[in-house]
Amino acid sequence: MSTVLVTTIAELRDKSAALLRQRAAQGGQDSGREPGTLGLVPTMGALHRGHATLARAAVAENSVVVASVFVNPLQFGDATDLARYPRTTEADLALLSEAGVDLMFAPSVEEMYPGGEPMVRVTAGMMGELYEGASRPGHFDGALTVVAKLLHTAMPDGGLPYQAGAGGDGPQNIAEDAAVRPAYRAYFGQKDAQQLTLVRKMVADLNFPVDIVAVPTVRDDDGLALSSRNRFLSAQERDSALVLSRALRLLKRRADAHEPLDIDSAQALVDSAPGVELEYLEVVDPLTLAVRAENCQDTPFTGEALVLVAAKVGPVRLIDNMPLG
């Protein structure tokens, strides 16, 4: 079955509800998918194999899968960057169809923000001011705001968190409600590690009824993390960009051996690549994003951590990361 393109919130809710009813009526004949579940894959389009991996993970686990394609203007501080972001609707639809996604939700800016830019937004807080947030002020406020809207928009039961109780006495308790409301999951790539951490914090802190599923970073055979921005690299710039994954693998080998990470040498490795301007390379706590300074240089590595890296390669700014431990 081909992926169906929908462009309005009303159409998305109608079609996803109908599909959930249809799949439930099939009585377990759903190719091994867990019945009564909906998976959401939020994207900004220009889809590649990394997005296909997200989509297939959602398809494998859920009865109905929705992928959103929306270039969110709130995430862009530079109008030029927003304008040059690639829009590839037909190719995106073909990729999602091949992955088995049911619905592609591709709303206009007016559909998502009918009153113009929202006056009330989600704030990422102190964690959103670090690393990517320091380089792109306001970026994570915009990202979390649109993710919150998408999570509510695609939520089963038209966005209502609980069914009405018998006799009009208010919501049923969670245990009762779990039996009647479809399970709900949203899928994010580990490549955007800071965004993933912030989405998880938002969902936990604001009690969103959704499970956040992280999918490992997808890389090309040469090690470069897949990104829609890679298409802007020249052949020489792409070759230089491979130093980012080499530095991450170096730190992972040291961490696996419980050696000192010696992050200074990893930074020097990145700096040695022609045309690469390192912005940051940090070893951080995976839950709080606080710097793990004690494990970066001279002491044997223990526990868990996350390496975050960002660099400009020619005109293109790239990010990558590697879990340790």
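Residues numbered from 1 in each chain as written. Predicted model: local features only at pLDDT ≥ 70, side-chain atom pairs only at ≥ 80, totals over all residues. Heavy atoms only, no water.

S.K.: Would you explain the overall build of the protein in this entry?
M.R.: What the protein contains, in helices and strands, is 11 helices and 9 strands. When the backbone C-alpha atoms are referred to their principal axes, the protein occupies close to 65 × 45 × 40 Å. Out of the 325 residues belonging to the protein, those deemed buried represent 48%. Counted over contacts in the protein with a minimum sequence separation of 6, partners at least 24 positions apart contribute 71%. When the accessible surface of the protein is summed, it comes to about 15,200 Å², and 54% of that surface belongs to carbon and sulfur atoms. A gap of 3 Å separates the mean positions of the 29 positive and 42 negative side-chain charges of the protein. (Helix = DSSP H or I, 4+ residues; strand = E, 2+ residues; numbered from the N terminus. Buried < 20%, exposed > 50% of the residue type's maximum accessible area, 1.4 Å probe, protein only. Contact = heavy atoms within 4.5 Å. Areas by Shrake-Rupley, 256 points an atom, 1.4 Å probe, with all protein chains shown as cover. Lys, Arg positive; Asp, Glu negative; His and termini not counted. Charge placed at Lys NZ, Arg CZ, Asp CG, Glu CD.)

S.K.: Just checking my understanding: could you explain the pattern of salt bridges for this structure?
M.R.: Two side chains with opposite charge may pair up if their charged atoms get near one another. According to the stated counting rule, one finds 13 salt bridges in the structure shown. A salt bridge links Glu117 to Arg121; the nearest nitrogen and oxygen atoms lie 2.8 Å apart. Here the residues in one salt-bridge network are Arg49, Asp220, Asp222 and Arg238, joined through shared partners. (Salt bridge = Lys/Arg side-chain N within 4 Å of Asp/Glu carboxyl O.)

S.K.: Looking at this structure, I do not really get helix α4 (residues 89-99). What am I missing?
M.R.: Three- or four-residue spacings in an α-helix give side chains the same orientation, since the helix completes a turn every 3.6 residues. Among the residues making up α4, those that are buried are Asp92, Leu95, Leu96 and Ala99. Axial view of α4: buried residues confined to an arc of 95°, hence all on one face. Away from the buried face of α4 by more than 90 degrees, exposed residues Glu90 and Glu98 are located. In this fold, the buried residues of α4 make contact with α2 (49-61), β3 (62-69) and β4 (103-105). Two residues or fewer past α4, Gly100 is found with a positive phi of approximately 95°. (Arc of directions from axis to C-beta.)

S.K.: How should helix α1 (residues 9-25) be read in this particular structure?
M.R.: For α1, built from 17 residues, the straight-helix expectation of 24 Å at 1.5 Å per residue is met to within 8% by its first-to-last C-alpha distance of 24 Å. For α1, the set of buried residues is Leu12, Ser16, Leu19, Leu20 and Arg23. Axial view of α1: buried residues confined to an arc of 100°, hence all on one face. With respect to the buried face of α1, the exposed residues turned more than 90 degrees away are Asp14, Arg21 and Ala25. (Expected span 1.5 Å × (residues − 1).)

S.K.: Any chance you could explain the packing of helix α10 (residues 235-256) against helix α11 (residues 263-271) here in plain terms?
M.R.: Packed helix pairs are specified by the crossing angle of their axes together with the interaxial distance, meaning the distance between the axes. Viewed as axis vectors pointing N to C, α10 and α11 meet at an angle of 165°, and their least axial separation amounts to 9 Å. One finds that α10 runs roughly antiparallel with respect to α11. α11 is crossed by α10, and the crossing has right-handed handedness. Where α10 abuts α11, its residues Val243, Leu244, Arg246, Ala247, Leu250, Leu251 and Arg254 lie against Ile263, Ser265, Ala266, Leu269 and Val270. The class makeup of the residues in the contact of α10 with α11 is 9 nonpolar, 1 polar and 2 charged. (Axes fitted to C-alpha atoms, helices over the stretch in contact; angles between N-to-C directions. Parallel < 35°, antiparallel > 145°, perpendicular 65-115°, else oblique. Left-handed = near helix turned anticlockwise from the far one by under 90°. Nonpolar A, V, L, I, M, F, W, Y, C, P; charged D, E, K, R; others polar.)

S.K.: How should the environment of Ala99 be read in this particular structure?
M.R.: Assignment of secondary structure puts Ala99 in helix α4. Ala99 sits 96 residues away from Thr3 along the chain, and the two C-alpha atoms are 9.1 Å apart. Those residues in contact with Ala99 that lie beyond four places of it in its chain are Ala52, Ala55, Arg56 and Val59.

S.K.: Where do I start with the nonpolar core in this structure?
M.R.: Looking at soluble globular proteins, one finds that nonpolar side chains tend to be buried together. With 45 residues, the main nonpolar core has Leu40, Leu151, Tyr184, Met202, Val210 and Ile212 as its most contacted residues. Among the elements that take part in this core, helix α7 (residues 139-154) stands out by supplying 8 residues, more than any other. Each residue touching Ile212, except ones within four places of it in the same chain, is listed here: Ala186, Phe188, Leu196, Val199, Arg200 and Val203. Among the nonpolar cores identified, the runner-up in size contains 29 residues, and Leu224, Ala241, Leu244 and Ala311 belong to it. (Core = buried A, V, L, I, M, F, W, Y, C linked by side-chain atoms within 4.5 Å.)

S.K.: Could you clarify how one ought to interpret the side chain of Arg254 in this entry?
M.R.: Relative to the elements of secondary structure, Arg254 occurs in helix α10. Despite its burial, Arg254 pairs with no opposite charge, the nearest such side chain being Asp262 at 4.3 Å. Excluding residues within four positions of it along the chain, Arg254 makes contact with Glu259, Pro260, Leu261, Asp262 and Ser265.

S.K.: Where do I start with the sheet that holds strand β9 (residues 316-324) in this structure?
M.R.: Two strands in a sheet stick together by hydrogen bonds in their backbones, pointing the same way (parallel) or opposite ways (antiparallel). One open sheet accounts for 3 strands, arranged β7-β8-β9; its pairing is antiparallel. The sheet terminates laterally at β7 (276-284) and β9, the two strands that pair on one side only. Sheet twist, expressed as the mean angle between neighbouring strand axes with direction ignored, is 10°. Sheet topology note: the strand β8 (residues 305-313)/β9 ladder contains 9 bridges and is antiparallel. (Pairing = 2+ DSSP bridges.)

So yeah, pure geometry; function would need other evidence.
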